[in-house]
Amino acid sequence: LFLSMNGAVLGHCYPVWLKFKGGRGLATAAGVFLFAAWIVVPVWLILYFLLEKILKNIHIASAIALIAVPIFCFLIPEDVLRNFVFIPIGKMELLIAGSIVCFISLTRHLPPILETLKNGSASA
């Protein structure tokens with residue numbers, strides 16, 4: 001599970017046949033979380049949409065939500081996690097695999113965030 005979750009997101013974000021220029025991995029990450037522990041996805045989406053409404057920036061909202069997902073995975077009790085998974089996955093396995101998935105996707109969001117901050121500070 002660990003390799004398949006990370007391999008899917010890594011392959012989407014950095015495809016070899018497109019010279020490592022792929023997508024940002026959000027939909028793919030959501031897909032692997034739906035398969036591994038679906039309870040993470042509604043929390044992630046609610047947080048993202050609230051942040052996007054407040055911040056008016058999809059990249060920063062995505063980045064903060066991506067950082068919050070592993071925190072949520074860490075905080076969710078083991079017995080609650082067992083009730084919301086389709087396959088047997090341990091809390092530590094979800095935490096490690098989920099953190100790497102979020103990190104991979106986060107690497108694709110950093111350039112637009114830096115560009116936004118650069119343009120925002122140049123106009124101020």
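Residues numbered from 1 in each chain as written. Predicted model: local features only at pLDDT ≥ 70, side-chain atom pairs only at ≥ 80, totals over all residues. Heavy atoms only, no water.

### A closer look at the overall build of the protein
When helices and strands are counted, the protein shows six helices and zero strands. In sequence order, the protein lays out its α and β elements as α-α-α-α-α-α. Here the C-alpha coordinates of the protein stretch approximately 50 × 35 × 20 Å along the principal axes. Taken across its 124 residues, the protein has 36% of its residues classed as buried. (Helix = DSSP H or I, 4+ residues; strand = E, 2+ residues; numbered from the N terminus. Buried < 20%, exposed > 50% of the residue type's maximum accessible area, 1.4 Å probe, protein only.)

### Section: unusual backbone geometry
The phi angle at Phe20 is positive, at roughly 65°, despite the residue not being glycine. Structurally, the position occupied by Phe20 is in the loop between helix 1 (2–13) and helix 2 (26–37).

### As for the packing of helix 2 against helix 3 (residues 40–55)
Angle between the axes and distance between the axes: these two values describe a pair of packed helices. The N-to-C vectors of helix 2 and helix 3 enclose an angle of 145°; their axes lie 8 Å apart at closest approach. The residues of helix 3 that touch helix 2, namely those facing Leu26, Ala29, Ala30, Phe33, Leu34 and Ala37, are Val40, Val41 and Trp44. Partitioned by chemical class, the residues of the contact of helix 2 with helix 3 number nine nonpolar, no polar and no charged. (Axes fitted to C-alpha atoms, helices over the stretch in contact; angles between N-to-C directions. Contact = heavy atoms within 4.5 Å. Nonpolar A, V, L, I, M, F, W, Y, C, P; charged D, E, K, R; others polar.)

### Digging into the environment of Leu66
Summarising the element assignment, Leu66 is placed in helix 4 (residues 58–75). According to the relative accessible area criterion, Leu66 is buried, its value standing at 2%. Along the primary structure Leu66 and Ser4 are separated by 62 residues, whereas in three dimensions their C-alpha atoms are 19 Å apart.

### Thoughts on a nonpolar patch on the surface
Among the surface-exposed residues, Phe2, Leu3, Met92, Ile96 and Ile100 lie close enough to one another that they form a single nonpolar patch of about 480 Å² accessible area. Secondary structure elements with two or more residues in the nonpolar patch: helix 1 and helix 6 (91–123). Residue placement: Ile96 occurs in helix 6. (Patch = residues over 30% accessible without salt bridge, like charges linked within 9 Å, V, L, I, M, F, W, Y side chains within 5 Å. Areas by Shrake-Rupley, 256 points an atom, 1.4 Å probe, with all protein chains shown as cover. Salt bridge = Lys/Arg side-chain N within 4 Å of Asp/Glu carboxyl O.)

### Some points on the confidence of the model for the protein
Scored by pLDDT, the protein comes out at a mean of 88, with 97% of its residues at no less than 70. Mean pLDDT across the elements of the protein bottoms out in helix 5 (residues 78–83) (84) and peaks in helix 3 (95). (pLDDT = per-residue confidence, 0-100.)

### A closer look at the packing of helix 1 against helix 2
Relative orientation of the contacting elements helix 1 and helix 2 amounts to 170°, with a least axis distance of 9 Å. Accordingly, the angle class assigned to the pair helix 1 and helix 2 is roughly antiparallel. Here helix 1 runs over helix 2; the crossing is right-handed. Judged by residue contacts, Met5, Ala8, Val9 and His12 of helix 1 engage Thr28, Ala29, Val32, Phe33 and Ala36 from helix 2. When grouped by side-chain class, the residues that make up the contact of helix 1 with helix 2 number seven nonpolar, two polar and no charged. (Parallel < 35°, antiparallel > 145°, perpendicular 65-115°, else oblique. Left-handed = near helix turned anticlockwise from the far one by under 90°.)

### Digging into the packing of aromatic side chains
Taken as a whole and judged by the stated rule, the model has two aromatic pairs. Judged by centre distance (6.0 Å) and plane angle (80°), the rings of Phe33 and Trp44 are edge-to-face. In this pair, Phe33 sits in helix 2 while Trp44 sits in helix 3, placing the two residues 11 residues apart along the sequence. Of the two residues examined, Phe33 and Trp44, each falls in the buried class. One residue, Lys91, lies across the ring of Phe74, its end atom 5.6 Å from the ring centre. (Phe/Tyr/Trp six-rings, centres within 6.5 Å; stacked < 30°, edge-to-face > 60°. Lys NZ or Arg CZ within 6 Å of the ring centre and 35° of its normal.)

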